[in-house]
Amino acid sequence: SHSVKTGNCQMSSELIHLSSLTTFLGWCTIINIAMLTYLTIMLAIFKSPASNIHSKLFRMNPDELDAHYFSFLANYKLVILAFNLVPYCALKIMS
């Protein structure tokens, strides 16, 4: 890694990479939260047609799909928190 000594501070190109990573994770978080919001709204609006399609596609009882939809949205939210938001917050605290 390249470094430049400025007075008592040493600036490294790693700081630039951390800045880029922070920006990347911030955008990932925004995009994933937007996708989660979109999917939640679409399931709320089009629950019946989606249930009909998915019950035929996966040969499931339409009543069972509500639990699967909820589980999917909950798991997606946890993945966003664990892999996007928490690392983003940690990098922001570090900088």
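What you see is a predicted model, and the numbers here were worked out from it, not measured in a lab. (Residues numbered from 1 in each chain as written. Predicted model: local features only at pLDDT ≥ 70, side-chain atom pairs only at ≥ 80, totals over all residues. Heavy atoms only, no water.)

**Looking at the overall build of the protein**
- Regarding its fold elements, the protein presents three helices and two strands.
- Listing every helix and strand of the protein by position from the N terminus yields β-β-α-α-α.
- Relative to its 95 residues, the protein shows a buried fraction of 19%.
- Considering only contacts within the protein whose residues lie at least 6 apart along the sequence, 60% involve residues at least 24 apart.
- In the form shown here, the protein has an accessible surface area of approximately 7,500 Å², with 70% of it arising from carbon and sulfur atoms. (Helix = DSSP H or I, 4+ residues; strand = E, 2+ residues; numbered from the N terminus. Buried < 20%, exposed > 50% of the residue type's maximum accessible area, 1.4 Å probe, protein only. Contact = heavy atoms within 4.5 Å. Areas by Shrake-Rupley, 256 points an atom, 1.4 Å probe, with all protein chains shown as cover.)

**Let's talk about the packing of aromatic side chains**
- Taken as a whole and assessed by the stated rule, the structure comprises one aromatic pair.
- Taking 6.0 Å as the distance between ring centres and 10 degrees as the angle between the ring planes, the aromatic pair formed by F72 and Y76 counts as stacked. With a gap of four residues between them, F72 and Y76 both fall in helix α3 (residues 62-94), about one helical turn apart.
- Taking relative accessible area as the criterion, Y76 reaches 18% and is therefore assigned buried. (Phe/Tyr/Trp six-rings, centres within 6.5 Å; stacked < 30°, edge-to-face > 60°.)

**Some details on the nonpolar core**
- Counting eight residues, the largest nonpolar core is built from L36, L43, A50, L65, Y69, L73, Y76 and I80.
- For this core, the secondary structure elements donating two or more residues are α1 (13-45) and α3.
- Looking at this core element by element, the count peaks at five residues for α3.
- When sequence neighbours within four positions are dropped, the list of residues in contact with I80 reads N32, I33, L36 and L85. (Core = buried A, V, L, I, M, F, W, Y, C linked by side-chain atoms within 4.5 Å.)

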